[in-house]
Every structure is written in structure tokens, then in C-alpha cells.
Amino acid sequence: RKLRPTASKHLGCNATHAATHTGPTMCTVDESVQAAYDEVRSNDNDTNWLVAGYQDNKTVAVVGKGSGGVDEMKGQLSNDDCFFGYVRVEYKDEGGDSDIDTTRTKFVLVVLTGQNAKILRKGKMSVHIGSVKEVLRDAAVEIGIDDVADLDAEDVVARVKKVNF
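Each chain has its residues counted from 1, running along the sequence as written. Note on the predicted model: pLDDT of at least 70 is required for a residue's local features to be given, and 80 or more for side-chain atom pairs to be given and counted; whole-chain, interface and lining totals, by contrast, use all residues. For side-chain calculations, the full set of non-hydrogen atoms in the structure is used, while hydrogens and water are omitted.

(A) Just the nonpolar core, in detail. Within this scheme, the nonpolar core is defined by two criteria: the residues are buried Ala, Val, Leu, Ile, Met, Phe, Trp, Tyr or Cys, and they are joined through side-chain atoms within 4.5 Å. Each residue is assigned to one of three classes by its accessible area relative to the maximum for its type, calculated with a 1.4 Å probe on protein chains only: buried under 20%, partly exposed between the two thresholds, exposed over 50%. In terms of nonpolar packing, the biggest core is built from 22 residues, with L50, V60, F84, Y86 and L136 touching the most fellow members. In contact with F84, not counting residues within four places along its chain, are L50, V51, A52, Y54, V60, V110, V111, M125, I129, V132 and L136. The next biggest cluster of nonpolar side chains, apart from the first, holds 19 residues, and it includes W49, V70, V141 and L151. Contacts: residue pairs with any heavy atoms within 4.5 Å of one another.

Written out as C-alpha cells, the structure is:
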């Protein structure tokens, strides 16, 4: 039996696969996401967050970035769609066994499946997150929410401190 490539339109991705393939396909992550990720990870600039969202049903691209931390990033999110956020979190590690306070830096992946987003988009996001994580790959904590109001800067820092390594 000869296999022919078919477009994976049912999942909204632009990948092609063999007709007998039953596994999920991934989406395209725009190079703007990699560039913004590199900025957030770098100590050479003030950018400390990015938000990526759907440009269309098969492409995830940067929709915002900035230097105002979790609170500013939150302003770029909406419960009407699905988004991927990535933020650098800095906090003081008070002493421990020494008398020296150390500033620690950790990175957090925020996955918002907006409560008002279309059900098909939510389903696609569950498959597409694999492609996004190939770019936003280094996170100490992943936070999944369905309501923007659930994203709180103090809670993010508390979660990061729990996994202090």
C-alpha cells in the first residue's frame, strides 16, 4: 500500500504526515518567539517577559514583550483566547545557612487556556504546547490557568521558591 502525504487540517497545523499516521502533529512557532525568548533569558537587556499567541490556527507568534514583569505581562493576556507566557522572576533568597542575601533568577512558563476561548482552539493548544516548549524550553515552573485573574505576581514568586534549586 502506498502512503501519500496529507495536510493535517483537522488539528490546524501545517505539518504533513503519512495518511496512516494517527498521532498529533505540531504547529509552526514563529521565529519571533525564539528571538523574544533569547531576550528574556539574556542579562544584557531589560526584557523579562514575552507572550505568544495564535497568529492563525497553525502559527504561534509573539504578541507582546516587555520589562514590567508578571503584572505587565498579565495585561497582554485575554480570557478570549489561548496564550503562552514566559517570564523571568527575580527574588531575594534570605540567607539560608549564611548571612548573605542572594538574588535568584528563575523562569516561568504560563499557559493560559482562556475560559472564553473557542473549544477547538483549546484542543489545538493541548497539542501545540509541545512545539512551543521546544522554544520556551527552560522553565523552573509551569503554571496553567484558564482565567487571567488567577495570575498573581506574588503567587508566581511563591511557586518558584518552592522549587528552589
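(B) Quick peek at the confidence of the model for the chain. Summing up the model confidence of the chain, the mean pLDDT is 85 and the portion of residues at 70 or higher is 79%. Scored from 0 to 100, pLDDT records how confident the predictor is in each individual residue. Considering only residues more than four positions removed or in separate chains, one finds that residues 1–23, a stretch of pLDDT under 50, has 36 contacts.

(C) Region of the structure containing the environment of V60. Tracing the sequence through the fold places V60 in strand β5 (residues 59–66). C-alpha of V60 to C-alpha of I129: the two residues are 69 residues apart in sequence and 9.9 Å apart in space. Contacts of V60, omitting those with residues within four sequence positions, involve C27, T28, V29, D30, V33, A52, G53, Y54, F84 and V132. The secondary structure listing takes helices from DSSP runs of H or I that are at least 4 residues long and strands from runs of E that are at least 2 residues long, numbered from the N terminus.

(D) Highlighting the pattern of salt bridges. The salt bridge definition used is simple: a Lys or Arg side-chain nitrogen within 4 Å of an Asp or Glu carboxyl oxygen. This structure, assessed with the given rule, holds four salt bridges. Put simply, K65 and E39 hold a salt bridge, and the shortest N to O gap is 2.5 Å. Separated by 26 residues along the polypeptide, K65 in strand β5 and E39 in helix α1 (residues 31–41) bring together distant segments of the chain. Note that R121 is salt-bridged to D81, the shortest N-O span being 2.9 Å. Of this pair, R121 sits in helix α3 (residues 119–135) while D81 sits in the loop between α2 (69–74) and β6 (82–93), and the two are 40 residues apart along the sequence.

(E) Spatial organisation of the packing of aromatic side chains. Only rings of Phe, Tyr and Trp enter the pairing, Trp through its six-membered ring, and a pair is recorded when the two centres are within 6.5 Å. The plane angle decides the type: under 30 degrees is stacked, over 60 is edge-to-face, the rest tilted. What the rule picks out here adds up to three aromatic pairs. Relative to F84, the ring of Y54 lies with its centre 6.4 Å away and its plane at 50°, an arrangement referred to as tilted. Pair noted here: Y54 is in strand β4 (residues 49–56) and F84 is in strand β6, with a separation of 30 residues, a long-range link. With a relative accessible area of 0%, F84 lands in the buried category. Ring plane angle 10° and centroid distance 5.8 Å describe the contact between Y86 and F107, whose orientation is recorded as stacked. With Y86 in strand β6 and F107 in strand β7 (residues 102–113), this pair connects stretches of sequence that are 21 residues apart. According to the relative accessible area criterion, Y86 is buried, its value standing at 0%. By relative accessible area, which is 11% here, F107 ends up buried. Here, a charge over a ring means that NZ of Lys or CZ of Arg falls within 6 Å of the ring centre while also lying within 35 degrees of the ring normal. Just above the ring of F107 sits the side chain of R41; from NZ or CZ to the centre is 4.0 Å.

(F) Up close: the sheet that holds β5. On the basis of which strands lie adjacent, the open sheet formed by six strands has the order β3-β5-β4-β6-β7-β8 and mixed pairing. In this open sheet, the two edge strands, each paired with only one partner strand, are β3 (28–29) and β8 (141–145). Note on pairing: DSSP must find at least two bridges between two strands before they are called paired. Looking at chain direction, β6 and β7 are connected through twelve bridges and run antiparallel. Paired with G85 across the strands is V110, a residue of β7. Against the sheet, α1 engages β3, β4, β5, β6 and β7, with an angle of about 35° to β5. All axes here are fitted lines through C-alpha atoms, helices being fitted over the stretch that makes contact, and every angle between N-to-C directions spans 0 to 180 degrees.

(G) Focus on the pairing of β6. The buried count for β6 comes to nine of twelve residues, which makes it a mostly enclosed element. Examined bridge by bridge, β4 and β6 share five bridges and lie antiparallel to one another. Paired with A52 across the bridge in β6 is F84.

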